[in-house]
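# Fold and contact review
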Amino acid sequence: MPQIVILPHPVFCPDGAVLESPAGKSICDVLLENDIEIEHACDRVCACTTCHVIVREGFDSLNEQEEKEEDMLDKAWGLEPNSRLSCQAIIADEDLVVEIPKYTINHAAEKNH
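To start, this report covers the structure provided alongside it. All values derive from a computational prediction rather than experimental measurement. (Residues numbered from 1 in each chain as written. Predicted model: local features only at pLDDT ≥ 70, side-chain atom pairs only at ≥ 80, totals over all residues. Heavy atoms only, no water.)

### Some details on the nonpolar core
Basically, it comes down to this: As used in this record, nonpolar core signifies buried Ala, Val, Leu, Ile, Met, Phe, Trp, Tyr and Cys residues forming a set joined through side-chain atoms within 4.5 Å. For the exposure calls, accessible area comes from a 1.4 Å probe over protein chains only, and a residue counts as buried if that area is under 20% of its type's maximum, exposed if over 50%, partly exposed in between. Each helix is a run of DSSP H or I of at least 4 residues and each strand a run of E of at least 2, with the numbering of both proceeding from the N terminus. Pairs of residues are marked as contacts when any of their non-hydrogen atoms sit within 4.5 Å.
Among the nonpolar cores identified, the biggest contains 28 residues, and Ile4, Ile6, Leu19, Ile27, Ile36, Ile38 and Leu96 are the most heavily contacted of them. Element by element, the count of residues in this core is highest for helix H1 (residues 27–33), at five residues. Beyond its immediate sequence surroundings of up to four residues, Ile38 is in contact with Phe12, Cys28, Leu31, Leu32, Thr50, Cys51, Val53, Ser86 and Ile100.

What follows is the structure in structure tokens.
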């Protein structure tokens, strides 16, 4: 079962976390199932960028991005070459290291960054 290392984030995961998940789930779903309340303003339908993450290790093991995700990512704060929308990034069999960016473009977030 793949292991997902979540790097520390001051609001969502201050101490970081190490999670396990079966292949086939999205990074967003795994985070939410493990009480890491990452933002997902569009309810995980690839219509916003609030669940943007940076995949520091294991990026190439994820499913390929579809054009819609690529277009949405262009609007994400702090976009990097290994950025993904966590609601669209499906875990395969490799371990991952994931960083939740410090900011999002969501000005109506319930939690402060």
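### Some remarks on unusual backbone geometry
A positive phi angle, close to 60°, is found at Asp35, a residue other than glycine. Inspection of the secondary structure assignment puts Asp35 in the loop between H1 and strand S3 (52–57). Take Asp35: its relative accessible area is 63%, and that puts it in the exposed class. A positive phi angle, close to 65°, is found at Cys46, a residue other than glycine. Relative to the elements of secondary structure, Cys46 occurs in the loop between H1 and S3. Under the relative-accessibility criterion, Cys46 is labelled buried at 5%.

### Notes on a negative patch on the surface
Counted only if it meets this: Only residues above 30% relative accessible area that lack a salt bridge enter a patch, with like-charged residues linked at up to 9 Å and the nonpolar side chains Val, Leu, Ile, Met, Phe, Trp and Tyr linked at up to 5 Å. Residue exposure ignores everything except the shown protein chains as possible cover, and the areas themselves are Shrake-Rupley values with a 1.4 Å probe. Any Lys or Arg side-chain nitrogen found within 4 Å of a carboxyl oxygen on Asp or Glu counts as a salt bridge. Under the counting rule used here, the positive set is Lys and Arg, the negative set is Asp and Glu, and His together with the chain ends is not counted. By convention, the point assigned to a charge is CZ for Arg, NZ for Lys, CD for Glu and CG for Asp.
Residues Glu20, Glu57, Asp60, Asp93, Glu94 and Asp95 make up a contiguous surface patch of negative charge. For Glu57, the location among the structural elements is in strand S3.

### A closer look at the state of the cysteines
Formally: In plain terms, two cysteine sulfur atoms within 2.5 Å form what is called a disulfide here.
Evaluated as defined, the whole model comprises zero disulfides. Not engaged in a disulfide, the cysteine Cys28 finds its nearest cysteine sulfur in Cys51; these two sulfurs lie 5.0 Å apart. Judged by relative accessible area, which is 0%, Cys28 ranks as buried.

### Considerations on the pairing of S3
Heads up, the rule is: In this description, strands pair whenever DSSP reports at least two bridges between them.
With three bridges joining them, S3 and strand S4 (residues 83–85) adopt antiparallel strand pairing. Bridge pairing links His52 to Leu85 in S4. Where S3 meets strand S5 (residues 96–99), three bridges bridge the pair, whose relative direction is antiparallel. Bridged to Val55 within S5 is Val98.

### Focus: the side chain of Ser21
With respect to the helices and strands, the residue Ser21 is situated in the loop between strand S2 (17–20) and H1. Look past the residues within four positions of Ser21 in its chain and what remains in contact with it is Met1, Pro2, Ile4, Val30 and Ile91.

### A short note on the pattern of salt bridges
In this structure the tally under the stated criterion is six salt bridges. Among the salt bridges present, the one from Lys25 reaches Glu33, with a minimum N-O distance of 2.7 Å. Taking relative accessible area as the criterion, Glu33 reaches 49% and is therefore assigned partly exposed. Between Arg44 and Asp29 there is a salt bridge; the shortest N-O distance is 2.9 Å. On the criterion of sequence distance, the pair formed by Arg44 in the loop between H1 and S3 and Asp29 in helix H1 is long-range, its members being 15 residues apart. Residue class for Arg44 comes out partly exposed when judged on its relative accessible area of 34%. The network of salt bridges with common partners includes Asp29, Asp43 and Arg44.

Read these as geometric descriptors, not functional statements.
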